[in-house]
Amino acid sequence: TLLTTRIVGHTRGEQSYHIFYQVLHKGSLSATERKKMDIDGRSVVDFAITTAENGKDKSRLCHQGGFDDHAKMFGELRTAMDTMGFSRTEQTEIFQAVCGLLYLSNLTLQGAFVESNDGEECKLDINNNSLASALRLLGVTYEALNAAVTTVQFKAVDELVKKNLNATQAARAVQALIKGAYDSIFSLLVDRINTCIIGVSGDESAAFIGLLDIFGFESFDKNSFEQLCINYCNESLQQQFNRFVFKLEQQEYNREGIKWDFVDFSDNQDILDLIEKKHGGILTTLDEQCMLGMRCNDRTFVSAVYDKCMKASSRFDANTKQKAQGKFSIHHYAGIVEYDTDGFMEKNKDEIPMEAGEMLSNSTVTFVSNIAQVMASKMSGSQKESKGRAFKSSISRVSVGGQFSAQLQKLRKRIDETHPHYVRCLKPNDQLQPDRFEKAVVVDQLRCGGILEAIRVSRAGFPQRYTFEHFVSRFGILSTSLSEVKVPKVNRFRSASQGTPTVVKGLKKRVDPKRDCELLVKVIAKWILAEREKNTEEVDEPEAPTDSLSPRSFWQTHQSPPKNYNSIHKTVDVSEAGIQMGATKVFLLQDTFDCIERVRGLALAISATKITAAVRRYLARVKYLAMLRAYRDSFRRRSSFEPKGEKKSTDSTSVRSVNIRIDCFELVANGRSVSAPKCEPQEFEWISIGHGRFIKRSMSDLPSTDVTPKACLRRFNSMTTCTPAIPSPSPFHQTNSPKATAVRRLNSIKSSTPVVLSPSPFRQTISTKATVARH
């Protein structure tokens, strides 16, 4: 089905068919081909087809971004035509005919005709710049084209009556010729491609794959005949889609043995009757008005529609203001659309003059003469009838609406005979920009595409279904969370890519996974019924019979259990919990699925918390053991540097005297020992001074030995000759000179202020002699 009305007219923001923009691009055809087709130096602004409002709006091109690389697209087109077996000569004739239609479209502009007889008659202006190119590219003469577009013949009884057209009517005849010719080109290409794919055997029973690009629902500021046809097609295909989805659901339930009730869904048959019903629909009323000829116009048509449809259908609406403007509204499944009947009559006629067919059949271009044959077959009804019959008058031809409806019915019949697969393409934004997702635009497309309605039909039944293995694998964790009964694990896992169960080597294969699934389903159903009993208020209602089961949500429709009901000790009916087991799958209501998914998420969160705690404990222990090893290594190194002859302590004080946090270089005397006064062991503590650094402070008064400043200064001077030893590995290591270390010790001695012991892992007991010896 080709919407021919958009070939010659489109509004601002829309575009015509891509081939017109591609052949006019400078990088598409060679210089010789462009010169042969008279498009050298021409662009899209030079033709009425490729500019908005029939050539009146040349302010901007009417194709959006994303299709600007017409040369690349044209190269891909020629490659595809080579694959389909089109010769270079045939391709040149096709592109030549397209260019001829471009020049022919300029004859619809003002000034293309010269009027005579007070505007009642006209003829083509022979001096028009586009006329010569159109005649040469189409291979016709001036006389034939002038007669085809400026006159029309009617059949009255057994005679043909010839009537001259004015300039406006002649321009419409040119538009009808362009639409008919382009539609015939499209049909020729489709037949040629199908012949290449199917072959020459002509076996209609052979298998085939069809690709259908359906229209999108349209609602603009001004909606005309084109939008009515497109939305009518969407309504019809949406009905077929809903019935297909419901049919699949029914077959699935019957195959699995699921008990279910009929699911009601909104059928839009009343909208289709409003549009296509005989002797009462909008399109049939339009055809009747067109059959009456010159006596009817758009005003008489819309008046007839008001009389027939206003009271007959609740989907039709027209207020007083709309009636005054010749408009009406239809309540489509995607929303309310207002239609303007201005131009309905002319767009529905689409009459190709008889002389136009004769003119193209006498063309010197082979491909153009083939176009005439296809046009004849469309007007006469079949290819066989067109070979032996002359062209009839325009009053006996099929209207555009009639052709569209007949093609749509044929398409639906073809879809019903095949197994369709649907692919929905959604536009993330109206600006065609990447990485930009507009929710309102997407939701509107989902609604207009019927996706939301299809989802509603699916959710009315059992939308969630799992195989037995998959169900146990996904919800087996609930067996330990909801009940003490533990479901045996299925020793299988599902492949991430294929989704098929795979037996793990070395494990015993379970013979009947259905039994595991039954145990799990009973546990889940018992918990759901118990929770429902807790959360439902006590009401005195009769118990519902067990035979009246429905796939609808039990959370909304199921009655409360009686007071003496005990879900723990009674036999569990899993269907009451919204779960049914089929032959190979488990079926869940949407509310039941949402409930157990929440419980599963909670169970996973608890398990994740336990795993995280175990991992954190392990990491902390690893860190602690590393510190303990560092402590032992430091203790061994310190023991190796103790002065000879010093008696080692055998009690635990020797361990406490080790400085585990080594914050300065250790100094060892060169072959000599440093004398120090004997004193009792003294406790120290580590005090943080910020930035990860600590200092050691005395916990009690220093012993009454020679600790005067002069004595300490003498010891300090004696340590200036010491050499630093290799520092022990410590995370609190710092580089201080021996002199600075001694100064800190001196200041600590001078203060001689006891401090309160705080719990610290670095607490130690060190004798004054050992301290002086190390320094």
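Every chain is numbered independently, its residues counted from 1 as its sequence is written. Confidence filtering applies because this is a predicted model: local features only for residues at pLDDT of at least 70, side-chain atom pairs given and counted only at 80 or more, and all residues used for totals across whole chains, interfaces and linings. The side-chain numbers reported here are obtained from all heavy atoms of the structure, hydrogens and water having been left aside.

(A) View of the overall build of the protein chain. A helix here means a DSSP run of H or I that spans at least four residues, while a strand means a run of E at least two residues long, and both kinds are numbered starting from the N terminus. Secondary structure assignment for the protein chain yields 30 helices and 17 strands. A 1.4 Å probe rolled over the protein chains alone gives each residue an accessible area, and that area as a share of the maximum for its type sets the label: buried under 20%, exposed over 50%, partly exposed in between. In the protein chain, buried positions account for 41% of the 775 residues. The contact criterion used is simple: two residues touch if any of their non-hydrogen atoms lie within 4.5 Å. A separation of at least 24 residues holds for 69% of the contacts in the protein chain among residues at least 6 apart in sequence.

(B) Examining the sheet that holds strand β11 (residues 579-581) more closely. By this definition, two strands are paired if DSSP reports at least two bridges between them. Spatially, three strands are ordered β8-β12-β11 in an open sheet, and the strand pairing comes out antiparallel. Each edge of the open sheet is held by one strand with a lone partner, namely β8 (464-467) and β11. Direction aside, the axes of adjacent strands within the sheet are offset by 20° on average. As paired strands, β11 and strand β12 (residues 585-588) are joined by three bridges and run antiparallel to one another. Of the residues in β12, the one forming a bridge with Met581 is Val586. Here an angle of 0 to 180 degrees is reported between the N-to-C directions of two axes, which are lines fitted to C-alpha atoms, with helices fitted over the stretch in contact. Relative to the sheet, helix α22 (residues 468-475) contacts β8, β11 and β12, its axis offset from that of β8 by approximately 105°.

(C) The pattern of salt bridges, seen in detail. What counts as a salt bridge is simple: a side-chain nitrogen of Lys or Arg found within 4 Å of a carboxyl oxygen of Asp or Glu. Evaluated as defined, the whole model comprises 16 salt bridges. Two residues, Glu252 and Arg255, come together in a salt bridge whose shortest N-O distance is 2.3 Å. Taken together, the residues Glu252 and Arg255, both in helix α10 (residues 225-256) and three residues apart, mark about one turn of the helix. Since its relative accessible area comes to 9%, Glu252 is described here as buried. Looking at Arg255, the relative accessible area reads 54%, which means it is exposed.

(D) Summary view of the side chain of Ser405. Among the secondary structure elements, Ser405 is positioned in helix α19 (residues 400-416). Polar contacts, as counted here, are pairs of nitrogen or oxygen atoms within 3.5 Å of one another; within protein the pair requires one atom able to donate a hydrogen and one able to accept it, and residues that are adjacent in sequence qualify only if both atoms are side-chain atoms. A polar side-chain atom of Ser405 sits 3.2 Å from a polar atom in the side chain of Tyr232. Among all residues touching Ser405, those that are not within four sequence positions of it are Tyr232 and Glu276.

(E) Layout of the packing of aromatic side chains. The criterion for an aromatic pair is that two Phe, Tyr or Trp rings (for Trp, the six-membered ring) have centres within 6.5 Å, with stacked assigned to planes under 30 degrees apart, edge-to-face to planes over 60 apart and tilted to the rest. What the rule picks out here adds up to 20 aromatic pairs. Ring plane angle 25° and centroid distance 5.3 Å describe the contact between Phe316 and Phe328, whose orientation is recorded as stacked. Of this pair, Phe316 sits in strand β5 (residues 316-317) while Phe328 sits in strand β6 (residues 327-332), and the two are 12 residues apart along the sequence. The exposure classification of Phe316 matches that of Phe328, with both residues buried. When the ring of Tyr466 is compared with that of Phe471, the centres are 6.4 Å apart and the planes differ by 55°; the resulting orientation is tilted. Of the two residues, Tyr466 and Phe471, both sit in the buried class. One aromatic cluster in this structure is built from Tyr306, Phe316, Phe328 and Tyr339. Put simply, a charge is over a ring when the Lys NZ or the Arg CZ is close to the ring centre, within 6 Å, and near the line of the ring normal, within 35 degrees. The ring of Tyr306 carries Lys323 above its face, with NZ or CZ at 5.9 Å from the centroid. We note Arg424 situated over the ring of Phe241; from NZ or CZ to the ring centre the distance is 5.1 Å.

(F) Region of interest: the pairing of strand β1 (residues 113-116). With four bridges connecting them, β1 and strand β2 (residues 121-124) associate as antiparallel partners. Pairing of Ser116 across the sheet is with Glu121, part of β2. Following β1, the chain reverses through four residues before pairing antiparallel with β2; Asn117 in that reversal takes a positive phi of roughly 55°.

(G) Geometry of the environment of His279. Relative to the helices and strands, His279 resides in the loop between α11 (269-276) and α12 (282-291). By relative accessible area, which is 67% here, His279 ends up exposed. Sequence separation between His279 and Lys308 is 29 residues; the distance between their C-alpha atoms is 8.8 Å.

(H) Structural context of the nonpolar core. Put simply, buried Ala, Val, Leu, Ile, Met, Phe, Trp, Tyr and Cys residues joined by side-chain atoms within 4.5 Å make one nonpolar core. Val23, Phe95, Leu104, Phe113, Leu145, Val149 and Leu177 are the most contacted members of the largest nonpolar core, which totals 61 residues. With near-sequence residues (within four places) excluded, Leu177 lies in contact with Leu104, Leu145, Val149, Ala356, Met359, Leu360 and Met375. Among the nonpolar cores identified, the runner-up in size contains 35 residues, and Leu283, Cys309, Ala318 and Phe328 belong to it.

(I) View of the sheet that holds β6. Within the open sheet, the three strands sit side by side as β5-β6-β7. Their pairing is antiparallel. Taken across any chain shown, the strands that pair with only one partner, and hence form the sheet edges, are β5 and β7 (335-340). In terms of strand pairing, β6 meets β7 through six bridges, oriented antiparallel. When the sheet's bridge partners are listed, Phe328 is paired in β7 with Tyr339.

(J) Spatial organisation of the side chain of Ser187. When you line up the elements, Ser187 lands in helix α9 (residues 167-198). Note on Ser187: relative accessible area 16%, which makes it buried. In this structure, Ser187 is in contact with Val374 and Lys378, ignoring residues within four places of it in sequence.

(K) Structural context of the confidence of the model for the protein chain. Summing up the model confidence of the protein chain, the mean pLDDT is 74 and the portion of residues at 70 or higher is 65%. Residue-level confidence of the predictor, termed pLDDT, takes values from 0 up to 100. Ignoring residues within four places in sequence, the model shows residues 538-542, a span with pLDDT below 50, making five contacts including any to other chains. The model gives residues 719-735 a pLDDT under 50, and that stretch makes 40 contacts with residues more than four places away or in other chains.

(L) Just the environment of Met73, in detail. Structurally, Met73 is set in helix α5 (residues 70-83). In this structure, the C-alpha to C-alpha distance between Met73 and His18, residues 55 residues apart in sequence, is 9.0 Å.

(M) Representation of the packing of helix α8 (residues 142-150) against helix α16 (residues 354-361). One can describe the packing of α8 onto α16 by two numbers: an axis separation of 7 Å at closest approach and a directional angle of 155°. Accordingly, the angle class assigned to the pair α8 and α16 is roughly antiparallel. Considering only the axes of α8 and α16, their crossing is left-handed. Across the interface between the two elements, Ala144, Leu145, Ala147 and Ala148 of α8 pack against Glu355, Ala356 and Met359 of α16. Polarity classes work like this: nonpolar for Ala, Val, Leu, Ile, Met, Phe, Trp, Tyr, Cys and Pro, charged for Asp, Glu, Lys and Arg, and polar for all others, with Gly in that last group. When grouped by side-chain class, the residues that make up the contact of α8 with α16 number six nonpolar, no polar and one charged. To sort the angles, those under 35 degrees are grouped as roughly parallel, those over 145 as roughly antiparallel, those from 65 to 115 as roughly perpendicular, and the leftovers as oblique. By convention, the crossing between two helices is left-handed when the near helix turns anticlockwise from the far helix through less than a right angle, and right-handed when the turn is clockwise.

(N) Seen up close, a nonpolar patch on the surface. Patch membership needs two things, relative accessible area over 30% and no salt bridge, and members are linked within 9 Å if like-charged or within 5 Å if nonpolar (Val, Leu, Ile, Met, Phe, Trp, Tyr). The protein chains shown are the only cover counted for residues, whose accessible areas, like all others here, come from Shrake-Rupley with a 1.4 Å probe. A cluster of nonpolar residues, Ile611, Val615, Tyr618, Leu619 and Val622, forms a patch on the protein surface that exposes about 490 Å² of accessible area. Its place among the elements puts Val622 in helix α26 (residues 590-640). Note on Val622: relative accessible area 37%, which makes it partly exposed.

(O) Seen up close, helix α13 (residues 298-309). Between the first and last residue of a helix there are one fewer steps than residues, each counted as 1.5 Å, and that sum is the expected span. The end-to-end C-alpha separation of α13 is 16 Å, in line with the 16 Å expected for 12 residues at 1.5 Å each. Of the positions making up α13, those classed as buried are Asp298, Phe301, Val302, Ala304, Val305, Tyr306 and Cys309. Along its buried surface, α13 packs onto α11, α12, β5, α14 (320-325), β6 and α15 (344-349). The N-cap residue of α13 is Asn297: its side-chain oxygen and the backbone nitrogen of Arg299 are 3.1 Å apart.

(P) Highlighting unusual backbone geometry. Unlike most non-glycine residues, Asp38 shows phi in positive territory, near 60°. For Asp38, the location among the structural elements is in the loop between α3 (31-36) and α4 (52-55). Unlike most non-glycine residues, His279 shows phi in positive territory, near 60°.

(Q) Up close: α26. Here α26 contains 51 residues, and its C-alpha end-to-end distance of 75 Å stays within 8% of the 75 Å for a straight helix at 1.5 Å per residue. Those residues of α26 that fall on the buried side of the exposure criterion are Gln590, Thr592, Phe593, Cys595, Ile596, Glu597, Val599, Arg600, Ala603, Ser634 and Arg638.

(R) Structural view of the state of the cysteines. The criterion for a disulfide is a pair of cysteine sulfur atoms lying within 2.5 Å. Applying the stated criterion across every chain, the model contains zero disulfides. Cys290 carries a free sulfur, and the closest cysteine sulfur to it, the one in Cys296, is 8.3 Å from it.

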